[in-house]
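A structural walkthrough
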Amino acid sequence: MKIDPLRAELAHLLKINASDRPWQMPFAAALSSGLPLMVGAWFDHLEYGLVSSLGGLVFLYMPATILSHRMVMLMACAFGMTAAYTLGLSGHFVPALMVPMLIFVTIAATMLSRFYGVGMPGGLFFVMTASIAAYAPVDILAVPLMVGLISMGTLLACLIAFCYSLYILRRHPPKPAAPLPEPSFDAMVFEPAMIGVFVGIALAVAQGIGLEKAYWVPISSLVVMQGVSLRAVWTKKLQRIFGTSVGLLLALAVLHLPLDKWSVGAVMMVLAFIVETLIVRQYAFAAVFLTPMAILLAEAASLGHVAPLTLIEARFLDIVLGSFIGLLGGLCLHWPRLRVPLSGWARRLTPARFDP
């Protein structure tokens, strides 16, 4: 009898969901992330390809609606991705602004995603883009070039999405656009503010204990807090730590391969295809392949300069720390004993005109 709750928890964590996602969608997503790397390899500037590859992640925001709606939504997200990267670079040049900048990006991305009904991954990739940009080793004179590169990545993703949509809409009818959510103080103000504060706390803690390239800490924190309930937050935390732990072993094996500028792009596309196939079925399994993909996306330009085991150990610490801070944020968001007084305090600080 004592083991039944444990079995039930394990079954919940490892539950496989049904998926109606056509295989062409993961393939197009892989092209959006991988083609910029191939172009960068062609011109012998893999670091430029990595920046554009970040912009290619905007493809994942494409809704399954009619062509006009999905392209408008995608282009708006492309603008947001470029803006987030630009703001992230400002934190790189003015370290004192790094934490406030990330709090602002997180709050704005979460608010706007909810207001306009943007589905998953929500504000995740905007925050991820800003976090990576904040630690990008670029000179201030290279800022226009970097912003142009990520803009070109988003443009390529929009072009691929357009071609994919022309093909897939002839085979699968579009879904109706979901009605915009009813605005409320908690959903549009309190929750985004709390998420932003805890993402900022995650980065501040990482900086305070001296973690190098601490961008994975706030990213992990945000992933956990995106659960819609305390149960979902707890499940996402366990799935992320489990999937990431296995994924780090896979990443260690990948980093020991004789990777060159061409094979990095090929490996990235394979991993992106697997992730987008699995992510709607089981997050923990997807995280196994998402981990080496994310590490390559952020660290491929410095391969050979850092020992793979050292890099893996650093990322594991980042993810565990971020997940626990995200769990604390989830408690504040979903546990009534904390949420009710915090929400009331936030209402008193907010002018009445912001309360719908």
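Up top you'll find the structure we're talking about.
Attention in this report is confined to the structure presented alongside it. (Residues numbered from 1 in each chain as written. Predicted model: local features only at pLDDT ≥ 70, side-chain atom pairs only at ≥ 80, totals over all residues. Heavy atoms only, no water.)

**Re a nonpolar patch on the surface**
Together, Val39, Trp42, Phe43 and Trp262 make up an exposed nonpolar region whose accessible area comes to about 510 Å². Along the polypeptide, Val39 turns up in helix H2 (residues 24-42). (Patch = residues over 30% accessible without salt bridge, like charges linked within 9 Å, V, L, I, M, F, W, Y side chains within 5 Å. Areas by Shrake-Rupley, 256 points an atom, 1.4 Å probe, with all protein chains shown as cover. Salt bridge = Lys/Arg side-chain N within 4 Å of Asp/Glu carboxyl O. Helix = DSSP H or I, 4+ residues; strand = E, 2+ residues; numbered from the N terminus.)

**Details of the side chain of Glu276**
With respect to the helices and strands, the residue Glu276 is situated in helix H11 (residues 261-278). Looking at Glu276, the relative accessible area reads 11%, which means it is buried. In contact with Glu276, other than residues within four places in its own chain, are Arg21, Met25, Pro26, Ala29 and Leu60. (Buried < 20%, exposed > 50% of the residue type's maximum accessible area, 1.4 Å probe, protein only. Contact = heavy atoms within 4.5 Å.)

**Side note on the packing of aromatic side chains**
Enumeration over the complete set of coordinates arrives at seven aromatic pairs. Seen in terms of ring centroids, Phe59 and Tyr164 are 6.1 Å apart; in terms of plane orientation they differ by 65 degrees. Their pairing is edge-to-face. Taken as a pair, Phe59 in the loop between helix H3 (46-56) and helix H4 (67-93) and Tyr164 in helix H7 (residues 143-168) lie far apart in primary sequence, 105 residues in all. Here Phe59 falls in the buried class, since its relative accessible area comes to 0%. With 5.0 Å between their ring centres and 35 degrees between their planes, Tyr61 and Phe126 make a pair best called tilted. (Phe/Tyr/Trp six-rings, centres within 6.5 Å; stacked < 30°, edge-to-face > 60°.)

**Structural notes on H2**
Side chains of residues three or four places apart in an α-helix project in the same direction, reflecting 3.6 residues per turn. Its 19 residues place the ends of H2 26 Å apart at the C-alpha level, agreeing with the 27 Å of an ideal helix rising 1.5 Å per residue. Of all the bends in H2, the greatest reaches close to 30 degrees and is centred on Gly34; the proline Pro36 follows between one and four positions later. Remark: Asp44 follows H2 within two positions and exhibits a positive phi of approximately 60 degrees. (Expected span 1.5 Å × (residues − 1). Bend = angle between axes of the 7 residues up to and from the residue.)

**Focus on the nonpolar core**
Counting 97 residues, the largest nonpolar core has Leu57, Phe59, Tyr61 and Leu89 as the members making the most contacts within it. Phe59 has contacts with Met25, Ala28, Ala29, Ser32, Leu74, Ala157, Ile160, Ala161 and Tyr164, leaving out every residue within four places of it along the chain. (Core = buried A, V, L, I, M, F, W, Y, C linked by side-chain atoms within 4.5 Å.)

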